[in-house]
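Here's the letter readout for the chains.
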Amino acid sequence: MSSEKSHAKILDAWVERDLTAAARRGELPPAFAMEHVLDQITELLASNRAPIVIGPSGVGKTAAIYELVRRAQSGDGPSLLRDRRVLQISFRRRASA
């Protein structure tokens, strides 16, 4: 098995959803009233930092990430994400594999 196929197989075990592809298909819902959070995440990305979004259930963590990816695909979001593939990984998915 080639190294590339091996890496793809490992990645598939963790990936829950390809957010870039979902955004291109128009499947990511818009988020509202999150400009401050989106600005903070964008600032971290621009400074080569990896943001980790934490908080209680229902506060909009996933919505914020979806909105960033959605905007990037439409040309309005962080330029750093425009040419990148953004994947949603799942520890639960990996644990059940």
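Up top is the structure these notes are about.
Residues numbered from 1 in each chain as written. Predicted model: local features only at pLDDT ≥ 70, side-chain atom pairs only at ≥ 80, totals over all residues. Heavy atoms only, no water.

## Some details on the pattern of salt bridges
Piece 1. Under the criterion given, the structure shown has six salt bridges.
Piece 2. A salt bridge links R70 to E67; the nearest nitrogen and oxygen atoms lie 2.9 Å apart. Of the two residues, R70 and E67 are both situated in helix α4 (residues 61–74); the distance of three residues between them amounts to about one turn of the helix.
Piece 3. Salt-bridge contacts for E67 lead to R71; the nearest nitrogen and oxygen are separated by 2.7 Å. A residue pair is termed a helical-turn pair when its members lie 3 or 4 positions apart in one helix, as E67 and R71 do in helix α4 at four residues.
Piece 4. For E67, a relative accessible area of 2% corresponds to the buried category.
Piece 5. Linked by salt bridges that have partners in common, E35, E67, R70 and R71 make up one network. (Salt bridge = Lys/Arg side-chain N within 4 Å of Asp/Glu carboxyl O. Helix = DSSP H or I, 4+ residues; strand = E, 2+ residues; numbered from the N terminus. Buried < 20%, exposed > 50% of the residue type's maximum accessible area, 1.4 Å probe, protein only.)

## Thoughts on the side chain of S90
Piece 1. Here S90 is to be found in the loop between β2 (87–89) and α6 (91–96).
Piece 2. Apart from residues no more than four positions distant in its own chain, S90 is found in contact with W14 and E16. (Contact = heavy atoms within 4.5 Å.)

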